[in-house]
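Coordinate analysis (summary)
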Amino acid sequence: MKQYLNFIHGEFVATAKTFENRAPVDNRVLGLVHEAGQAEVNAAVAGARAALKGDWGRLSVVKRVDMLYAVADEINRRFDDFLQAEIADTGKPLSLASHIDIPRGAANFKVFADIIKNVPTESFQMTTPDGGTAVSYAVRSPLGVVAVVCPWNLPLLLMTWKVGPALACGNTVIVKPSEETPATATLLGEVMNAVGVPPGVYNVLHGFGPGSAGEFLTRHPGVSGITFTGETRTGEAIMAAAAKGVRPVSFELGGKNAGIVFADCDFDKAVAGITRSAFENCGQVCLGTERVYVQRPIFDQFVAALKEKAEALKVGPSEQPGVGLGPLISAEHKQKVLGYYAKAVAEGATVVTGGGVPDMPGALAEGHWVQPTIWTGLPESASVVREEVFGPCCHIAPFDTEEEAIALANATDYGLATTVWTQNLGTAHRMAAAVEVGLCWINSWFLRDLRTAFGGAKASGIGREGGVHSLEFYTELRNVMVKL
Ligand code: NAD
C-alpha cells in the first residue's frame, strides 16, 4: 500500500502513527499517511534553522533563482505524476487540474524567482541637522523558518503560492499540507532532492490541526512566521498560537462572495462566468460565488439560464471526457454541504435545481457526490446566504439599484472577492470602489496576474501576497542610514 512519508531535512521519514488517505470519487483507500508528532516537528524546525545558516543561506540570489527555475522545470517534467497525485487526492476533473492546479504549481516558482531577481529597494538622501548629508537605503533579509499551513481545495497551487516566494526570499519552509491531500506536497520533496535544493530548505509534516502536526508546528518557538490558507476559525486558533513570541502571520481565509449581475451585462458571458464561479471545483473555491444578485429586469431569464447550465454539468470521475463536476473532498464535508441543502429548504428556499445526491454507478456510489444546487426566495438572514457552504451551490436574489447591490454585497463579515457583470464602465468602476473586498473582478472571475496583490478584507484574511506584496511578509526590511 502507498505510504505518504514526512520529508525532513532531505529525507523521507516514517512514523509509527498512520491514518488513511481516501479517494473522494469512491472512498477507496489510497494509502497510509505518516503523522508527524512533536519529535518530527522539532527535527524539521532544527533542520530548517540550520539550513538558513548553511548552504542555502550562503547561496547567491542568482544561484537561488536558478534553483527555483529548476524546481519549476522538474515539476513540468513530472507533470503527469503531479496530475495523477492531485486527481487521486481531490477527484477534481482532469481538465481543471491539468489547466490550473499543476501549471500554476510550477509557475509559482518562476514568477517569484523573477520578482526577487528584479525588485529594487528604496533609497533616500537627506540634509542632516548639522548641514551634512545622509543616505538611507533598504536591504531585505529572509524572515527565517516559515510554517506553511495549507487547505485541500487546490493543494499544490495554494502551497507553492507560498513556498515559491518564501524560498525566493531565502527562507526555509515547513509545509503542513491538509490531512485530506498529502500527495503533491510529498512529491515536491522528491523534486527538491532531484534538483539539489539543500536539505532542510523544504520540509513536509503530515497530520491534523489541533493536538497534531498543525498545532505543534504553529506553536513551535523556532518558527519565525506562519502563512496560512484555510477557514477563518482555524485562522483564529493559529493567530492565538502566533501571539506567543509575537510572530507574524499572513492569512488567506474564508469568503461568502457576491456575484453582481447588472441588466446591461453581456448576458451569455455573465451566465458562463457565474456558472464557473458557483460550481468550479465542485464549489470548493474560496473565491467562489455563493450569493448571486441579479438586476430585476433580467432576473427570471438569468435564473432559467443558470439552471440550464447547472443541469448540463456532467458529474463524474476525473478522466471521463466532458466532466465538469467532481465530488466533494470527504464524507464529512459532504454531510456538511447536505446539511446546508436541508437547512435552505427548512428556511423556505425555492429549489431551482439540485438539492440532493446524484445517482452514481458501481463503486462511484461510495464517493462524495452532491448535485449542483440553486436556490431563490430566501431572506438575507438565511444560513446559506450568510455562511460559507463551500459546495456547488448559490442563492440568487433580485436587486434594483446600484446602491442596493453595494449594500447587499457588503452585508457580510467576510471580504474576499466580488465579481461584477456590466457593460457600463461607470458602473463597473463605482462598484469596484465600493465593495469591501481584497479582489474585485469585472466581467471575469479567477483571472489572475501573479504580480498583483491577492488577499482578503475583513474576516477573509490578513495581509496580501502576490508580486512584490509577498516580500512584505517573507522578508524583514532593514533600513541602513549612512552619515556621509
Ligand atoms: P481548514 O482551516 O480546516 O484547514 C486548513 C489547514 O489548517 C489544514 O492543513 C489543517 O490541518 C490545518 N489546521 C486546522 N486546525 C489547525 C490548528 N488549530 N492549528 C494549526 N493548523 C490547523 O481549511 P480547509 O477545510 O482545509 O479549507 C477550506 C477553507 O479554506 C475554506 O474556508 C476556504 O474559504 C478557505 N480557503 C481560502 C483561500 C484564500 O485564498 N482566501 C483559498 C483556499 C481556501
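The numbers attached to residues start from 1 for each chain and follow its sequence in the written order. Residue-level local features of this predicted model are given only where pLDDT is at least 70; pairs of side-chain atoms are given and counted only at 80 or more, and the full residue set underlies all totals for whole chains, interfaces and linings.

Brief notes about the overall build of the chain
- Secondary structure elements are defined from DSSP: runs of H or I of at least 4 residues count as helices, runs of E of at least 2 residues count as strands, and each element is numbered from the N terminus. When helices and strands are tallied, the chain shows 16 helices and 25 strands.
- Note on method: radius of gyration uses C-alpha positions; expected globular size equals 2.2 Å times residues raised to 0.38. By the compact-globule yardstick of 23 Å for 484 residues, the chain fits well, its C-alpha radius of gyration being 23 Å.
- With respect to the principal axes defined by its C-alpha atoms, the chain has extents near 70 × 65 × 40 Å.
- Looking at the chain as a whole, 51% of its 484 residues qualify as buried.
- The long-range fraction of contacts in the chain, counting pairs at least 24 apart against all pairs at least 6 apart in sequence, stands at 71%. Three exposure classes are used, based on other C-beta atoms lying within 10 Å of a residue's own C-beta, which is placed from the backbone: buried for 20 or more, exposed for 12 or fewer, and partly exposed in between. Contact between residues is assigned whenever the C-beta positions, reconstructed from backbone atoms, fall within 7 Å.

Some details on the sheet that holds strand S25 (residues 475–483)
- At least two DSSP bridges between two strands are required for those strands to pair. The three strands are arranged S6-S7-S25 in an open sheet whose pairing can be described as antiparallel. A single partner strand is all that each edge strand has here, and the edge strands are strand S6 (123–127) and S25. Across the sheet, the axes of successive neighbouring strands diverge by a mean angle of 25 degrees, strand direction being ignored.
- In this sheet, S25 lies alongside strand S7 (residues 133–142) in antiparallel orientation, the contact comprising nine bridges. Axis definition: a line fitted to C-alpha atoms, limited for helices to the stretch in contact. Angles are taken between N-to-C directions and run from 0 to 180 degrees.

Notes on the packing of helix H5 (residues 94–118) against helix H6 (residues 155–168)
- The interhelical angle for the contact between H5 and H6, taken along N-to-C directions, is 15 degrees, at an axis separation of 8 Å. By the angle class used here, H5 and H6 are roughly parallel. With respect to the hand of their crossing, H5 and H6 are arranged in right-handed fashion. Contacts between H5 and H6 involve Ile100, Asp101, Ile102, Arg104, Gly105, Asn108, Phe109, Val111, Phe112, Ala113, Ile115 and Ile116 from the former and Leu156, Leu157, Thr160, Trp161, Gly164, Pro165 and Ala168 from the latter.
- In this count, Pro and Cys sit with the nonpolar residues alongside Ala, Val, Leu, Ile, Met, Phe, Trp and Tyr, while Asp, Glu, Lys and Arg are called charged and the others, Gly among them, polar. Residues that form the contact of H5 with H6 fall into these classes: 13 nonpolar, four polar and two charged. For classification purposes, angles smaller than 35 degrees are called roughly parallel, those larger than 145 roughly antiparallel, those between 65 and 115 roughly perpendicular, and all remaining angles oblique. Should the near helix be turned anticlockwise from the far one by less than a right angle, the crossing is termed left-handed; should it be turned clockwise, right-handed.

A word on the site of the ligand
- Throughout this description, a residue near a molecule or strand is one whose C-beta atom, derived from the backbone, lies within 6 Å of it. Looking at the ligand, there are 32 residues lining it, with Pro151, Gly209, Gly214, Gly230 and Cys286 nearest.
- Grouping the amino acids of the shell around the ligand by side-chain chemistry returns 13 nonpolar, 13 polar and six charged.
- Both domains that meet at the shell around the ligand, namely domain 1 (2–253 + 460–483) and domain 2 (257–449), each give it at least three residues. Boundary definitions for the domains trace back to an automatic or database domain assignment.

Brief notes about unusual backbone geometry
- Notably, Phe446 is not glycine yet its phi reads approximately 65 degrees, a positive angle.
- Within the secondary structure, Phe446 sits in the loop between strand S22 (439–442) and strand S23 (457–458).
- Its identity is not glycine, yet Lys458 carries a phi of approximately 50 degrees, on the positive side.
- Among the structural elements, Lys458 can be located in strand S23.
- Its 17 C-beta neighbours within 10 Å are what place Lys458 among the partly exposed residues.

As for the UniProt feature "active site" (unreviewed entry) in the chain
- UniProt positions are given in the numbering used here, feature names are shortened, and annotations may be inferred rather than shown by experiment. Under the local residue numbering, the UniProt record ascribes the feature "active site" (unreviewed entry) to Glu252.
- If you trace the backbone, Glu252 turns up in strand S12 (residues 249–252).
- Overall, Glu252 belongs to the buried group, with 26 C-beta atoms counted inside 10 Å.

Digging into the packing of helix H3 (residues 61–77) against helix H7 (residues 183–195)
- Taken N-terminus to C-terminus, the directions of H3 and H7 make an angle of 125 degrees; their axes are 9 Å apart at the nearest point. Compared by their axis directions, H3 and H7 come out oblique. By crossing handedness, the relation of H3 to H7 is classed as right-handed. Here Met67, Ala70, Val71, Glu74 and Ile75 of H3 come into contact with H7, specifically with Val191, Met192, Ala194 and Val195.
- For the contact of H3 with H7, the class distribution of residues is eight nonpolar, no polar and one charged.

Some remarks on the pairing of strand S21 (residues 417–421)
- S21 sits mainly inside the fold: five of its five residues count as buried.
- Alternating positions in S21 separate into two faces, Ala417, Thr419 and Trp421 on one and Thr418 and Val420 on the other, with burial throughout.
- Relative to S21, strand S13 (residues 257–261) runs parallel, the two being bridged by four bridges. If you follow Gly259 over to S21, its bridge partner there is Thr419.
- Note that S21 and S22 share four bridges and pair parallel. Among the inter-strand pairings, Ala417 is bridged to a residue of S22, identified as Leu439.
- Orienting the strands away from the viewer, one traces the path from the first strand over the helix to the second; a clockwise path indicates a right-handed crossover. Read from S21 through helix H15 (residues 425–434) to S22, the crossover connection turns out right-handed.

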